[in-house]
Amino acid sequence: MSGDVACGNRSKHISRRSFLAGTGSILGVAALGSHTAAASIGDGARVPALVIGTGYGGSVAALRLAQAGVDVHMIEMGMAWDTPGADGKIFANTTSPDGRSYWLRTKTKQPLSNFLGFQIDRDIPRYTGILDAEEFGGITVYQGRGVGGGSLVNGGMAVTPKRENFAAILPSVDAEEMYGTYYPRANAGLGVGTIDPAWFDTTDCYQYARVGRKHAQRSGFPFVFVPTVYDWDYMEREAAGTVPRSALAGEILYGNNYGKKSLRKTYIAQLEATGRVTISPLHKVTSVAPASGGGYTVVIDQLNSSGDTTATKTVTADRVFFAAGSVGTSKLLVTLKATGALPNLNNEIGKSWGDNGNVMCGRANHLWDPTGSLQSAIPTGGIDNWTAGGAFAEVAPLPTGIETWASFYLSITKNPNRAEFSWNAATGKVDLSWQTAWKQPSINAAKTIFDKINAKEGTIYRTDLFGVYKIWGDHLTYHPLGGAVLNKATDNYGRLAGYPGLYVIDGALVPGNTSVNPFVTITALAERNIEKIIATDL
Ligand code: FAE
């Protein structure tokens, strides 16, 4: 299979045929195309370094360890996403979701649930799809599933926070080092670039953002260009009609088939090239505990594309890096502490979780202010009112293919509320204490921008996007952060208290807010921490 993501030959492989035969979901596979990869860690294997998750933190850790000569095995619960489905595309389009679109759901759960009075969610086949809308009591947390983690589904906005805000984001980290070394390293590794302002000013596909800029500036707010990981040359060719469309075909939430530089094209391509990293997709870590002979015993469920466990494997790792994302890492650590596998983890585990202050809203524009039927799915501008009002608002697309006369925004706000993950022995699951009402500070912050713009423009909020007569999308986050915070649950480099050889290296380290979109900060922090760990622990 072309998509064999095994790059070393150190673990046992199984053939694709036998793997699929064991999935028990041949019908679903035939309909959707196969995205399973043949790489599969062997039961009883011993590995020097095991990385749980293949998002930003995990990819940085695996690449740098491999470059330092360490053999690494990455375990990823989602699929490989390297093989086209029956429609010839790896990823489904935003406007026509199918089984590929959601992680084990029978109905879509779109962030915008309604449009002009209609519910837009639809039935889909249950499948190990790419976007997980994970529901806790007071919030739905959206996350990417598959090799590449959140980079598969995110908007690609690659923002380095303003230096003046850094001390509030990661108080125990030297800003000098971050801005001098690790942010530049992360930006280079991720392939971050900025739109050509002249093209922005003329292309149809950013009319919506120009309307957003005009309204922001007329109300006295600074509009800033936001760097992204999209290939801007490719997007210009999409607009010119010389290459297949991707951002201009509305591809974003369920994967992007061409122009976005997901981790697959950057860090993961590099770590594959080392020949020292093996990735096992559709494998989910369920336990980590000290092994009697040293190192750690890791228990892993192999999944089929229906989400059933087809095999359970036990491997031993000298070192384990938790990179399962803020929610995934927190859930694992809270469970392992509570159930006695890692009882000496400290009491900071599960704490200081935040939603990066995410809140969404739409504004209804006048008929003379159309936002355009062609909208690039990659946002590239924002309204910065962080210092005065505690809000940074992305001017986001509504890539429906029709004129909507709507301006749509995802705001990142200074929300002080922090939630805690806890083990629920009755359900055998991990709960999160976030309450929907805790979004009120975010709404208030976003209103510092949009109440003013509405007053100036004589416009109103849209009330049809998140339900019936509901203005605020206050039910979700795209940016989960915290749960195993740096210098609290771990030391100042991500070493877990109480367990030498166990590390956290993802968004769980960041205490709840980054003032901007988070993945550049997660990547830069991982670069900083892994450099120290390689220098001192190996
Ligand atoms: P993440 O990328 O989530 O990777 C964790 C990986 O671990 C995933 O692949 C999981 O499937 C896997 N995993 C979890 N549990 C297990 C387990 N038990 N065993 C094996 N594997 C497991 O973590 N951020 C920006 O900066 N700019 C944006 O424009 C942006 N847009 C976004 C849009 C959407 C719709 C979403 C959902 C997120 C967006 N984000 C954005 C957030 C960003 O993607 C997120 O902060 C990072 O992906 C988090 O990186 P981590 O390495 O922490």
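Starting afresh in each chain, residues are numbered from 1 along the sequence in its written order. In view of the model being predicted, local features appear only for residues whose pLDDT reaches at least 70, and side-chain atom pairs are presented and counted only at 80 or more, with totals across whole chains, interfaces and linings using the full set of residues. Think of the side-chain values as coming from all heavy atoms in the structure, minus any hydrogens and water.

Colleague: What should I look at first to understand the sheet that holds strand β13 (residues 381–385) in this one?
Modeller: Within a beta sheet, neighbouring strands are joined by backbone hydrogen bonds and run either parallel or antiparallel to one another. At least two DSSP bridges between two strands are required for those strands to pair. For the purposes of this entry, the term helix denotes a DSSP run of H or I that reaches at least four residues, the term strand denotes a run of E that reaches at least two, and both are numbered from the N terminus. Ordered by their spatial adjacency, 6 strands build an open sheet running β7-β13-β14-β15-β12-β18, and the pairing between neighbours is antiparallel. Each of the sheet's edge strands pairs with one partner strand only, and the pair in question is β7 (223–225) and β18 (460–461). One ladder, built from 2 bridges, connects strand β12 (residues 359–364) with β18; its direction is antiparallel. Opposite Ala 364, over in β18, you have Ile 460 as the bridge partner. Lying over the sheet, helix α12 (residues 440–457) contacts β12, β13, β14 (391–396), β15 (406–413) and β18, oriented at roughly 10 degrees with respect to β12. Any pair of residues with heavy atoms lying within 4.5 Å of one another is described as a contacting pair. Each axis is a line fitted through C-alpha atoms, taken for helices only over the stretch in contact, and angles between the N-to-C directions span 0 to 180 degrees.

Colleague: What is the right way to look at the site of the ligand in this model?
Modeller: Being near a molecule or strand, for a residue, means having at least one of its heavy atoms within 4 Å of it. Around the ligand there are 37 residues in total, and Glu 76, Gly 150, Met 157, Gly 507 and Phe 519 lie nearest to it. Pairs of N or O atoms within 3.5 Å make up the polar contacts considered here, provided that, within protein, one atom can donate a hydrogen while the other can accept it, and that residues adjacent in sequence are counted only when both atoms are side-chain atoms. Within the contact set of the ligand, a nitrogen atom lies 3.0 Å away from a backbone nitrogen or oxygen of Val 285. Within the backbone of Pro 518, one N or O atom sits 3.2 Å away from an oxygen atom of the ligand. For every accessible area listed, the method is Shrake-Rupley and the probe measures 1.4 Å; residues are considered covered only by the protein chains on display. Starting from 1,000 Å² of accessible surface for the ligand in isolation, the protein chains cover 95%. Elements represented by at least two residues in the shell around the ligand include exactly α3 (56–67), β6 (140–144), β9 (283–290), α10 (325–338) and α13 (519–537). Residues of the shell around the ligand, tallied by class, amount to 16 nonpolar, 17 polar and 4 charged. Here the term charged refers only to Asp, Glu, Lys and Arg, the term nonpolar to Ala, Val, Leu, Ile, Met, Phe, Trp, Tyr, Cys and Pro, and the term polar to all other amino acids, Gly among them.

Colleague: When you look at the sheet that holds strand β19 (residues 476–477) in this model, what are you seeing that I'm missing?
Modeller: Pairing is mixed in the open sheet, where 3 strands are placed in the order β5-β6-β19. Lying at the two open borders of the sheet, with one neighbouring strand each, are β5 (131–135) and β19. Sheet analysis places β6 next to β19, joined by 2 bridges and oriented parallel. Across the sheet, residue Val 141 finds its bridge partner in β19, namely Thr 477.

Colleague: Teacher, can you tell me more about the pairing of strand β16 (residues 421–424) here?
Modeller: Put simply, side chains in a regular strand alternate between the two faces of the sheet. With 4 bridges joining them, β16 and strand β17 (residues 429–432) adopt antiparallel strand pairing. Counted as the bridge partner of Phe 421 is Leu 432 from β17.

Colleague: Help me out: how do you make sense of the side chain of Ser 376 in this one?
Modeller: Mapped onto the fold, Ser 376 is located in the loop between β12 and β13. Each residue touching Ser 376, except ones within four places of it in the same chain, is listed here: Cys 205, Tyr 206, Tyr 208, Met 235, Ala 247, Leu 248 and Pro 397.

Colleague: I would appreciate a short explanation of empty space enclosed by the protein in the present structure.
Modeller: If a probe the size of a water molecule is rolled over the atoms, the empty space left behind becomes visible. Whether a set of points on the 1 Å grid over the protein atoms alone is a cavity depends on a 1.4 Å probe fitting there but being unable to get out, while an open set qualifies as a pocket with protein on both sides within 12 Å along at least five of seven lines; lining residues are those with an atom within 4 Å of a point. Grid points are joined across faces, edges and corners, and a volume is the space filled by probe spheres set on the points. Scanning the entire structure with this criterion turns up 1 cavity of 30 Å³ or more. Lining the largest cavity are Tyr 208, Thr 371, Gln 375, Ala 396, Pro 397, Leu 398, Ala 406, Ser 407 and Phe 408. The element that contributes the greatest number of residues to the lining of the largest cavity is β15, accounting for 3 residues. When its residues are assigned to classes, the lining of the largest cavity shows 6 nonpolar, 3 polar and no charged.

Colleague: When you look at the packing of helix α5 (residues 175–190) against α13 in this model, what are you seeing that I'm missing?
Modeller: Packed helix pairs are specified by the crossing angle of their axes together with the interaxial distance, meaning the distance between the axes. At a minimum axis distance of 8 Å, the contact between α5 and α13 shows a crossing angle of 115 degrees. When the interaxial angle is binned, α5 and α13 end up roughly perpendicular. Every pair of crossing elements has a handedness; the one defined by α5 and α13 is right-handed. Between α5, through Glu 177, Met 178, Tyr 182, Tyr 183, Arg 185, Ala 186, Asn 187 and Leu 190, and α13, the contact on the second element is made entirely by Phe 519, Val 520, Thr 521, Thr 523, Ala 524, Leu 525, Glu 527, Arg 528 and Glu 531. When its residues are assigned to classes, the contact of α5 with α13 shows 9 nonpolar, 3 polar and 5 charged. Our angle categories are set so that under 35 degrees counts as roughly parallel, over 145 as roughly antiparallel, 65 to 115 as roughly perpendicular, and the remainder as oblique. In a left-handed crossing the near helix is turned counterclockwise from the far helix by less than a right angle, and in a right-handed crossing that turn is clockwise.

Colleague: Looking at this structure, how should I read a nonpolar patch on the surface?
Modeller: On the surface, a cluster of nonpolar side chains totalling about 310 Å² of accessible area is made up of Leu 116, Phe 118 and Ile 120. Accessible area is worked out with a 1.4 Å probe on protein chains only. A residue is then buried under 20% of its type maximum, exposed over 50%, and partly exposed in between. Take Ile 120: its relative accessible area is 32%, and that puts it in the partly exposed class. Exposure above 30% relative accessible area and no salt bridge define the residues that can form patches, which grow by joining like charges within 9 Å and nonpolar side chains of Val, Leu, Ile, Met, Phe, Trp and Tyr within 5 Å. In the sections that follow, a salt bridge refers to a side-chain nitrogen of Lys or Arg positioned within 4 Å of a carboxyl oxygen of Asp or Glu.

Colleague: So what exactly am I meant to see when it comes to the layout of surface pockets here?
Modeller: By volume, the second largest pocket amounts to about 430 Å³. Together, 23 residues line the second largest pocket, and Ala 168, Ile 169, Leu 170, Arg 418 and Asn 513 are the ones closest to its centre. Elements represented by at least two residues in the lining of the second largest pocket include exactly α4 (163–169) and α11 (386–389). No other element matches the 4 residues that α4 contributes to the lining of the second largest pocket. Tallied by class, the residues present in the lining of the second largest pocket amount to 10 nonpolar, 9 polar and 4 charged.

Colleague: Teacher, can you tell me more about the side chain of Asp 474 here?
Modeller: Mapping Asp 474 onto the fold places it in the loop between β18 and β19. For Asp 474, a relative accessible area of 13% puts it in the buried group. A polar atom in the side chain of Asp 474 sits 2.8 Å from the side chain of Lys 470. Sequence-distant contacts of Asp 474, that is, excluding residues within four places in its chain, are made with Val 359, Thr 436, Lys 439 and Ile 443.

Colleague: Is there a simple way to explain the nonpolar core in this structure?
Modeller: Generally speaking, a soluble globular protein has its nonpolar side chains buried in company with each other. Side-chain atoms within 4.5 Å are what join buried Ala, Val, Leu, Ile, Met, Phe, Trp, Tyr and Cys residues into a set we call a nonpolar core. Among the nonpolar cores identified, the biggest contains 88 residues, and Leu 50, Val 288, Val 320, Phe 321 and Phe 322 are the most heavily contacted of them. Per-element tally for this core: the top contributor is α13, with 8 residues. The residues contacting Val 320, other than those within four sequence positions of it, are Leu 50, Ile 52, Val 288, Tyr 296, Val 298, Gly 501, Leu 502 and Tyr 503. Ranked by size, the runner-up nonpolar core spans 33 residues in total, among them Tyr 234, Ala 247, Tyr 409 and Trp 472.

Colleague: Could you clarify how one ought to interpret the confidence of the model for the chain in this entry?
Modeller: Keep in mind that low pLDDT regions are not for reading the predicted coordinates in detail. Looking at the chain, the pLDDT average stands at 93 and 93% of residues meet or exceed 70. You can read pLDDT as the predictor saying how much it trusts each residue, on a scale of 0 to 100. Ignoring residues within four places in sequence, the model shows residues 1–38, a span with pLDDT below 50, making 92 contacts including any to other chains.

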